[in-house]
Amino acid sequence: MTDKRPAPVITELTEAFWRGGAVGELRVQRCQNCRWWLHPPLPMCPRCRSRELEPEAVAGTGTVYSFTVNRYQWTPALVPPYTVAEVELDEQPGLRLLTSIVGCAEVAIGMPVRVKFEPADGTPGTWVPVFAP
Ligand code: ZN
């Protein structure tokens, strides 16, 4: 694995998510009306239809919901093998991120993990959330 990850596309809805790593925060969109967490971010809460959505910091802990090990080099920036995983955050059942698991030779479903941040290549101030045991 390289120490710089391909830069994400930043939009108004995703900016807080990609920039939170600068201050060590994993920021997830949350409905200010019904307090439901949403990821990926949406313009409207699917639960109560409120448009009052704001990013809030989560604890950064969760469990591996599903994973696969990629062994093909799709891009020069990501050297295989690496683990692509869905991590379910502790804040809410079903609140899951597509991410990578790092610093771990044997990943398992249900394994507790914690967020870490890796810098995005060529985009200062942008951090990619990954998870480690
Ligand atoms: Zn809501």
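Residues numbered from 1 in each chain as written. Predicted model: local features only at pLDDT ≥ 70, side-chain atom pairs only at ≥ 80, totals over all residues. Heavy atoms only, no water.

Trainee: Got a minute to help me understand the coordination of the zinc ion in this structure?
Mentor: Ideal values differ by geometry: the angle at a metal is 109.5 degrees with four tetrahedral donors, but 90 or 180 degrees with six octahedral donors. Each protein donor to the zinc ion is listed here as C31 (SG), C34 (SG), C45 (SG) and C48 (SG); together their distances run 2.3 to 2.4 Å. Considering all 4 donor atoms around the zinc ion, angles at the metal cover 101 to 115 degrees and the coordination shape is tetrahedral. Positions of the donor residues of the zinc ion along the chain correspond to the pattern C-x2-C-x10-C-x2-C. Taken together, the residues span a long stretch of sequence, with C31 in strand β1 (residues 26–31) and C45 in the loop between β2 (37–38) and β3 (53–58) at a distance of 14 residues. Take C31 and C45: they sit in the same class, and that class is buried. (Donors = N, O, S within 2.8 Å, 3.2 Å for Na, K, Ca; no water. Tetrahedral: all angles 85-135°; square planar, octahedral: opposite > 155°, others 65-115°. Helix = DSSP H or I, 4+ residues; strand = E, 2+ residues; numbered from the N terminus. Buried < 20%, exposed > 50% of the residue type's maximum accessible area, 1.4 Å probe, protein only.)

Trainee: Explain the sheet that holds β3 to me, please; I cannot follow it from the model alone.
Mentor: Within a beta sheet, neighbouring strands are joined by backbone hydrogen bonds and run either parallel or antiparallel to one another. With antiparallel pairing, the 3 strands of this open sheet are ordered in space as β2-β1-β3. Pairing within the sheet leaves two strands with one partner each, and these edge strands are β2 and β3. Both β1 and β3 contribute to a ladder of 6 bridges, which runs antiparallel. When the bridges of β3 are listed, R27 appears paired with A57. (Pairing = 2+ DSSP bridges.)

Trainee: Help me out: how do you make sense of the packing of aromatic side chains in this one?
Mentor: For any pair of aromatic rings, the description rests on two quantities: the centre-to-centre distance and the angle between the ring planes. Counted by the stated rule, this structure contains 2 aromatic pairs. Look at Y72 and W74: their rings are 4.7 Å apart centre to centre, the planes differ by 70 degrees, and that puts the pair in the edge-to-face class. Over the face of the ring belonging to Y65 we find R96, whose NZ or CZ atom lies 3.5 Å from the ring centre. (Phe/Tyr/Trp six-rings, centres within 6.5 Å; stacked < 30°, edge-to-face > 60°. Lys NZ or Arg CZ within 6 Å of the ring centre and 35° of its normal.)

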